[in-house]
Amino acid sequence: MNLNAENFTGRQAIRYLGQYKPMGPYGLPGGFLILPAESGMFPHWFGTLRQNVSYFVGPKMPDKEIMSHYRDWLIFDSFVLNDKHPIRNFDEGYSGDVKTVPPDLPPDAVYPDYKQIDYDDIAGVMFMTGTNEEGVGHFSYRELFETYRGLDPGDRDLIEWSVSAPHLSWMRFDAFFKVRYWQLFHWMILLERLLGESPTCSADPTQCAVCGRSSVPHSAILKRDWFQKVLTDRIKNSSIVNEYVRVIEKGTKIRNKFAHTPSFDRSVYATMGHLERQEYGADRAVAQYTADAYALDSLLMSLEEIARYLLLDKVFGTQYFRKILALNVMGVQG
């Protein structure tokens, strides 16, 4: 296939809007292609944000069919590039319409541009390291997409769930409805599927002497101990395991309360002096999330990060885990 962009002018395509784009026309399994285009300022929930435009091109087919392929690819793309913007842009109608490739796309050549990356090795983006750290490994976007296409429906559902989390939108600081606990609920559903259910006790159920009903089956081990066992089997570094367990255990307790009783996010952002810096690591997030909104943000980011690394390992065998990134905050006063 000749991947010169000029050869696709006028072809059926779907406009894509997100953070990243490949260095040039990039072929995918199934006869599909990503054509990078311009970057620009586009609407975002806090105003505008610079993002990249690409075009998803496939073999000639009905609009409904190529849209189905596009949606499936969009799930994969948002997941491996760890980019929430493509899904949000699609949902809000800024991208995702069937069009044709415009005649003024950049030429087929490597050229410097905003967040234009080598899709033949996306490890630095996929693992949020910025650069390809030693021991991370090499991961090709094309090869990962081939693997994704062969996953069983259950694993594909987990990936779609991971990129479909509720997202923040502009609101008052003292709004009645805040989305953070719903976000936590979402990530805990994914984590429970990834960690599995602990085994039930093998003892025969006893019968209640009052009502005659059999006792409810119960877990043979505590939730925390189950988390510890599953993560220890997957992760070699015990300090990483212990940190993940603390965060997941706190997330479980919040989720359980939220699922059964009205629970409100009463946290507020701490007042900080001009250029004052604060760091919110996992321990501070677990301890202060009820009052400090920065701590709650850090807790949510931690749960998402753990779920992401576990899911990447499950579907792609990445075997990469690291300590949770701290949220660094700096006060700015006009």
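Everything that follows concerns the structure shown earlier in this document.
None of the values given here were measured: they were computed from a predicted structure.

(A) Region of interest: the environment of glutamine 319. As for its placement among the helices and strands, glutamine 319 is situated in the loop between helix 10 (293–316) and strand 9 (327–330). Residues glutamine 319 and tyrosine 309, 10 residues apart in the sequence, show an inter-C-alpha distance of 8.4 Å.

(B) Representation of the sheet that holds strand 6 (residues 98–100). Taken in spatial order, the 5 strands line up as 3-4-5-1-6 in an open sheet, and their pairing is antiparallel. Strands with a single pairing partner mark the edges of an open sheet, and in this sheet they are strand 3 (26–28) and strand 6. Taken pair by pair, the neighbouring strands of this sheet meet at an average axis angle of 45°, ignoring direction. As judged from the 10 bridges shared by strand 4 (residues 32–44) and strand 5 (residues 47–57), these two strands associate in the antiparallel manner. Counterpart to serine 39 in the pairing with strand 5 is asparagine 52. Taken strand by strand, helix 4 (residues 141–149) contacts strand 3 and strand 4, and its axis lies near 20° from that of strand 3.

(C) Structural view of the side chain of histidine 44. Looking at the element boundaries, histidine 44 is found in strand 4. Residue histidine 44 is classed as buried on the basis of its relative accessible area, which comes to 13%. Polar side-chain contacts of histidine 44 include one of 3.4 Å to the side chain of histidine 85. Apart from residues no more than four positions distant in its own chain, histidine 44 is found in contact with Leu49, His85 and Arg88.

(D) Quick look at the packing of aromatic side chains. Taken as a whole and judged by the stated rule, the model has 23 aromatic pairs. A ring pair is formed by tryptophan 182 and phenylalanine 258, whose centres lie 4.9 Å apart and whose planes are at 80°; its orientation type is edge-to-face. Remark: phenylalanine 258 occurs in helix 8 (residues 238–260) and tryptophan 182 occurs in helix 6 (residues 180–195); sequence separation between them is 76 residues. Judged by relative accessible area, which is 44%, tryptophan 182 ranks as partly exposed. Taking relative accessible area as the criterion, phenylalanine 258 reaches 15% and is therefore assigned buried. Counting every residue linked through ring pairs, the aromatic cluster contains Tyr16, Phe32, Phe56, Tyr70, Trp73 and Phe90. A cation over an aromatic ring shows up here: arginine 284 above the ring of tyrosine 280, its NZ or CZ 3.9 Å from the ring centre.

(E) Spatial organisation of the state of the cysteines. Evaluated as defined, the whole model comprises 0 disulfides. Looking at cysteine 201, it has no disulfide partner, and the nearest cysteine sulfur is the one in cysteine 208, 18 Å off.

(F) Local environment of the pairing of strand 9. What you see with strand 9 is a clean split: Leu327 and Val329 sit on the buried side and Asn328 and Met330 on the side with no burial. Two strands pair when backbone bridges link them, and strand 8 (residues 277–280) and strand 9 are joined in this way by 4 bridges, in the antiparallel orientation. Note on strand 9: the bridge partner recorded for tyrosine 280 is leucine 327.

(G) A nonpolar patch on the surface, seen in detail. Among the surface-exposed residues, Leu275, Met330 and Val332 lie close enough to one another that they form a single nonpolar patch of about 290 Å² accessible area. For valine 332, the location among the structural elements is in the segment after strand 9. Assessed through its relative accessible area of 62%, valine 332 is described here as exposed.

(H) Geometry of the nonpolar core. In this structure, Trp73, Val80, Tyr141 and Leu299 are the most contacted members of the largest nonpolar core, which totals 78 residues. The biggest single contributor to this core is helix 10, with 12 residues. Among residues more than four places away in sequence, those in contact with leucine 299 are Leu184, Val247, Lys250, Ile254, Ala285, Val286 and Tyr289. Residues Ala13, Leu17, Leu35 and Ala37 belong to the second largest nonpolar core, which totals 12 residues.

(I) Examining unusual backbone geometry more closely. The phi dihedral of lysine 115 is positive, around 50°, even though this residue is not glycine. Position of lysine 115 among the secondary structure elements: in the loop between strand 6 and strand 7 (116–117). Of the residues examined, lysine 115 reaches a relative accessible area of 31% and is grouped as partly exposed. We note that leucine 275 has phi near 65°; this positive angle belongs to a residue other than glycine.

Reading the values: the criteria
- Residues numbered from 1 in each chain as written.
- Predicted model: local features only at pLDDT ≥ 70, side-chain atom pairs only at ≥ 80, totals over all residues.
- Heavy atoms only, no water.
- Helix = DSSP H or I, 4+ residues; strand = E, 2+ residues; numbered from the N terminus.
- Pairing = 2+ DSSP bridges.
- Axes fitted to C-alpha atoms, helices over the stretch in contact; angles between N-to-C directions.
- Contact = heavy atoms within 4.5 Å.
- Buried < 20%, exposed > 50% of the residue type's maximum accessible area, 1.4 Å probe, protein only.
- Polar contact = N/O pair within 3.5 Å; in protein donor to acceptor, adjacent residues only side chain to side chain.
- Phe/Tyr/Trp six-rings, centres within 6.5 Å; stacked < 30°, edge-to-face > 60°.
- Lys NZ or Arg CZ within 6 Å of the ring centre and 35° of its normal.
- Disulfide = S-S within 2.5 Å.
- Patch = residues over 30% accessible without salt bridge, like charges linked within 9 Å, V, L, I, M, F, W, Y side chains within 5 Å.
- Areas by Shrake-Rupley, 256 points an atom, 1.4 Å probe, with all protein chains shown as cover.
- Salt bridge = Lys/Arg side-chain N within 4 Å of Asp/Glu carboxyl O.
- Core = buried A, V, L, I, M, F, W, Y, C linked by side-chain atoms within 4.5 Å.

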